[in-house]
Amino acid sequence: MAAAHRPAKPLDRLLPIVELQYVDETGTKGATSVKYAVDTPYALMDAEASVLASLIAPITGCALVRQRIIYKAVASPRDVPEAGSTIKSQGVFFFTTGDETPLELIAVPGIAEGVISDEEPGAGVDIDLIHTDIIAFADAVTSNGLTNPFGDAITALVAAYRQSRA
Amino acid sequence: MALVNQPAGELSIHYRDETGSTGSTKFHFPYATLASVVFTQADILSAALNAITGCAIDGYTISYTKTEDTPETPADGARVENKGKFVYRTANARTSLFSVPGIEEAVLLPNSNTIDQADLLIVALNTAVVGGALNFCSADGSDLTAILEAYQVMAGGRRPSTR
């Protein structure tokens, strides 16, 4: 499996979804889902989710536990995976968010063979941190305002290796 | 009792390998980030990932989650499988539906699985859906224009995790 330089496929945006999740007396969960026009702003859907929840509250015996607003995009047409690619071969990237906040771990399924280091002692396992495509990926992560799940900003890539999740 | 947002929203990029197995990469972004900005970020990240994976990138999902900090107690006997189905006509002469888990028996017509469209609570819901207070649409993007039917069905829910 060589490092891929296939052109990225264009992605089509789907209708965003507001999902209200409910739980019943047994702990079983179910949801009300409704769709909105493409590119509807979050603020509008968030406000209307509150209205919808208030209208549903008196006609359900279940309790509201979660609200999700979901935007989706899909490749059109879908790309063809490379021969031999497997999601079990993951690249695991450790990004720092500062000295006193948790690391952010980002896993990339089907890591390309071409970005794996061939230098000992980590040959075949370590990801080559000075590979052009890895530098580009790390830049894309650190320069786009991404965070860990706690909202701490990602600042730098510190380590990366391949692991098999067979 | 309030819905409280997570510290960060989530971006999941979806992959498919040669065997058809699927996986994903998860990223997080500050919750206040506009979706339009996250779309741009997702396109940049997808292009960068495309160069370092042999899998095909099938798409991505951007989600903003709020959770109830003190959920109410569900009513005795409430079951999410006991759904109210609301079917609407759409502006392009098709239909669209949404469901309400655990629909109350009180809004059904006597000895029937039909939801009473004259019930004040149902009138309020329908008025909001077709009257402009709620602007959701059908799966093909068409406006909902009038209620066609509403009824109760027993349909599957998701059991709580035992782990």
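None of these values were measured; they are calculated from a predicted model. (Residues numbered from 1 in each chain as written. Chains lettered and ligands numbered in written order. Predicted model: local features only at pLDDT ≥ 70, side-chain atom pairs only at ≥ 80, totals over all residues.)

**Describing the overall build of chain B**
Assigned secondary structure in chain B consists of two helices and seven strands. The linear arrangement of helices and strands in chain B, starting from the amino end, is β-β-β-α-β-β-β-α-β. Relative to a compact globule of 163 residues, whose C-alpha radius of gyration would be 15 Å, chain B shows 21 Å and is clearly more extended. Taking the principal axes of the C-alpha coordinates as reference, chain B spans close to 60 × 45 × 35 Å. (Helix = DSSP H or I, 4+ residues; strand = E, 2+ residues; numbered from the N terminus. Rg over C-alpha atoms; globule rule 2.2 N^0.38 Å.)

**Things to note about unusual backbone geometry**
Trans is the common state for peptide bonds, and a negative phi is the common state for residues other than glycine. Of the consecutive residues serine 76 of chain A and proline 77 of chain A, the connecting peptide bond is found in the cis state with omega at 0 degrees. Here proline 77 of chain A shows up in the loop between strand S4 (63-75) and strand S5 (89-96). For the bond from glutamate 120 of chain A to proline 121 of chain A, the omega torsion is 10 degrees, close enough to zero to count as cis. Note on placement: proline 121 of chain A falls in the loop between strand S6 (104-108) and helix H2 (132-142). The phi dihedral of alanine 93 of chain B is positive, around 65 degrees, even though this residue is not glycine.

**Side note on the pairing of strand S2 (residues 17-23) of chain A**
When a strand is regular, its side chains alternate between the sheet's two faces. Residues and elements named next belong to chain A. In terms of burial, S2 is largely enclosed, as five of its seven residues are buried. Here S2 runs beside strand S3 (residues 29-35); their pairing, made up of seven bridges, is antiparallel. The residue bridging glutamine 21 from the neighbouring strand is alanine 31, located in S3. The hairpin turn running from S2 into S3, its antiparallel successor, is five residues long, and glycine 27 in that turn takes a positive phi close to 90 degrees. In this structure, S2 lies alongside S4, joined through seven bridges in antiparallel fashion. Note that in S4 the partner of leucine 20 across the bridge is glutamine 67. (Buried ≥ 20, exposed ≤ 12 C-beta atoms within 10 Å, placed from the backbone. Pairing = 2+ DSSP bridges.)

**Here we look at the interface of chain B and chain A**
Contact with chain B, which involves 79 residues of that partner, is made by 80 residues of chain A. Partitioning the side of chain B that touches chain A into residue classes produces 41 nonpolar, 25 polar and 13 charged. (Contact = placed C-beta atoms within 7 Å. Nonpolar A, V, L, I, M, F, W, Y, C, P; charged D, E, K, R; others polar.)

**Considerations on the sheet that holds strand S7 (residues 156-164) of chain A**
Hydrogen bonds between backbone atoms are what pair the strands of a sheet, whose relative direction is either parallel or antiparallel. Residues and elements named next belong to chain A. If you walk across this open sheet you meet the three strands as S6-S5-S7, and the pairing is antiparallel. Edge strands, defined here as strands with exactly one partner in the open sheet, are S6 and S7. Averaged over all adjacent pairs, the angle separating strand axes in this sheet is 20 degrees, with direction ignored. Bridge count between S5 and S6: five bridges; the pairing is antiparallel. (Axes fitted to C-alpha atoms, helices over the stretch in contact; angles between N-to-C directions.)

**A look at the domain arrangement of chain B**
Domain parsing of chain B yields domain 1 (3-68) and domain 2 (82-154). With centres defined by C-alpha atoms, the gap from domain 1 of chain B to domain 2 of chain B works out at 33 Å. (Domains from an automatic or database assignment.)

**Let's talk about the packing of H2 of chain A against helix H1 (residues 35-50) of chain B**
One way to put it is that H2 of chain A packs onto H1 of chain B with a least axis distance of 9 Å and a crossing angle of 160 degrees. One way to sum up the angle between H2 of chain A and H1 of chain B is to call them roughly antiparallel. Our pair here, H2 of chain A against H1 of chain B, has a crossing hand that is left-handed. Of H1 of chain B, the residues touching H2 of chain A (which contributes Ala136, Phe137 and Ala140 of chain A) are Ile44, Leu45, Ala48 and Leu49 of chain B. Taken together, the residues of the contact of H2 of chain A with H1 of chain B sort by class into seven nonpolar, no polar and no charged. (Parallel < 35°, antiparallel > 145°, perpendicular 65-115°, else oblique. Left-handed = near helix turned anticlockwise from the far one by under 90°.)

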